[in-house]
Amino acid sequence: MAIWPRSAVRLAAARAMPLQYGLHEMSIAASVLDALRAESALHGGARITRAGLRIGELSGVAVESLRFCLEVLVADTDLAALSFEIENAPWTRRCRACATVFRVSDSRPQCTACGSQDTEAAGGDQMELSFLELEES
Ligand SMILES: [Zn+2]
């Protein structure tokens, strides 16, 4: 039995997607848009013109893939004019001895100021909205 695609148009669109496209990023993009629509509703249906996202380098999210998924999902919707600013948040730790917050390099968790090994997570796994620009209607 031959299996035919339900729609040749849909198949052509799927082929045009970049190789790094991931379901992971697509589901994150969908939840970002849910969050934006909820924010818009909280502000009396105000139109969102710009949204900032902060994505930690430990989050496992490919930023360019996420950007692509967001663009695909907003195309031809009420959010089509929305632009995204996606910022990478570095992997950081805080020293319990001297309170320095430092960027982790080569996966070494010791303090770059005093050399202490006693450090705690300070950032790098986050996925958050950093700002929203709303147009009051
Ligand atoms: Zn220290």
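Model, not experiment: these values are computed from the prediction.

Attention shifts here to the environment of Phe68. With respect to the helices and strands, the residue Phe68 is situated in helix H3 (residues 63-74). By the C-beta count within 10 Å, which is 19 here, Phe68 ends up partly exposed.

Attention now goes to the sheet that holds strand E4 (residues 101-103). In space, the three strands of this open sheet follow the order E4-E3-E5, with antiparallel pairing throughout. With partners counted over all chains shown, the strands left at the sheet margins are E4 and strand E5 (119-123), one partner each. Pairwise comparison of adjacent strand axes, ignoring direction, gives a mean angle of 40° for this sheet. One ladder, built from three bridges, connects strand E3 (residues 92-95) with E4; its direction is antiparallel.

Turning next to the sheet that holds strand E2 (residues 83-89). Across the sheet, three strands lie side by side as E2-E1-E6; this open sheet has mixed pairing. Strands with a single pairing partner mark the edges of an open sheet, and in this sheet they are E2 and strand E6 (127-135). Taken pair by pair, the neighbouring strands of this sheet meet at an average axis angle of 15°, ignoring direction. Set on the sheet, helix H2 (residues 23-42) makes contact with strand E1 (47-56) and E6; between it and E1 the angle comes to about 135°. Strand contacts of H3: E1 and E2, with the helix running at about 160° to E2, the strand carrying the most contacts.

Turning to the pairing of E3, a few remarks are in order. Burial of the side chains of E3 is restricted to one face: Arg93 and Cys95 are buried, whereas none of Thr92 and Arg94 on the reverse face is. The turn joining E3 and E4, which pair antiparallel and follow one another in sequence, is formed by five residues; a positive phi near 70° is taken by Ala99. As judged from the four bridges shared by E3 and E5, these two strands associate in the antiparallel manner. Among the inter-strand pairings, Arg94 is bridged to a residue of E5, identified as Glu120.

Along the polypeptide, Arg54 turns up in strand E1. Taking the number of C-beta atoms within 10 Å as the measure of exposure, Arg54 has 17 and is therefore partly exposed. Residues contacting Arg54, with those up to four places away along its chain left out, are Glu87, Ala89, Gln126, Glu128 and Ser130.

Glancing now at unusual backbone geometry. A positive phi angle is found at Ala99, which is not glycine, with a value near 70°. At Ser107, a residue that is not glycine, the phi angle is positive and equals roughly 60°. Along the chain, the position of Ser107 falls in the loop between E4 and E5.

Okay, the nonpolar core next. Ile28, Ala29, Val32, Ile48, Ala51, Leu53, Ile55, Leu66, Cys69 and Leu70 form the largest nonpolar core, which has ten residues in total. Counting residues per element, the ones that place at least two in this core are H2, E1 and H3. Counting residues per element, this core draws most heavily on E1, which supplies four residues. Here Leu53 is in contact with Val32, Phe84, Ile86, Glu87, Leu129 and Ser130, once residues within four sequence places are set aside.

Thresholds applied
Residues numbered from 1 in each chain as written. Predicted model: local features only at pLDDT ≥ 70, side-chain atom pairs only at ≥ 80, totals over all residues. Helix = DSSP H or I, 4+ residues; strand = E, 2+ residues; numbered from the N terminus. Buried ≥ 20, exposed ≤ 12 C-beta atoms within 10 Å, placed from the backbone. Pairing = 2+ DSSP bridges. Axes fitted to C-alpha atoms, helices over the stretch in contact; angles between N-to-C directions. Contact = placed C-beta atoms within 7 Å. Core = buried A, V, L, I, M, F, W, Y, C linked by C-beta atoms within 7 Å.

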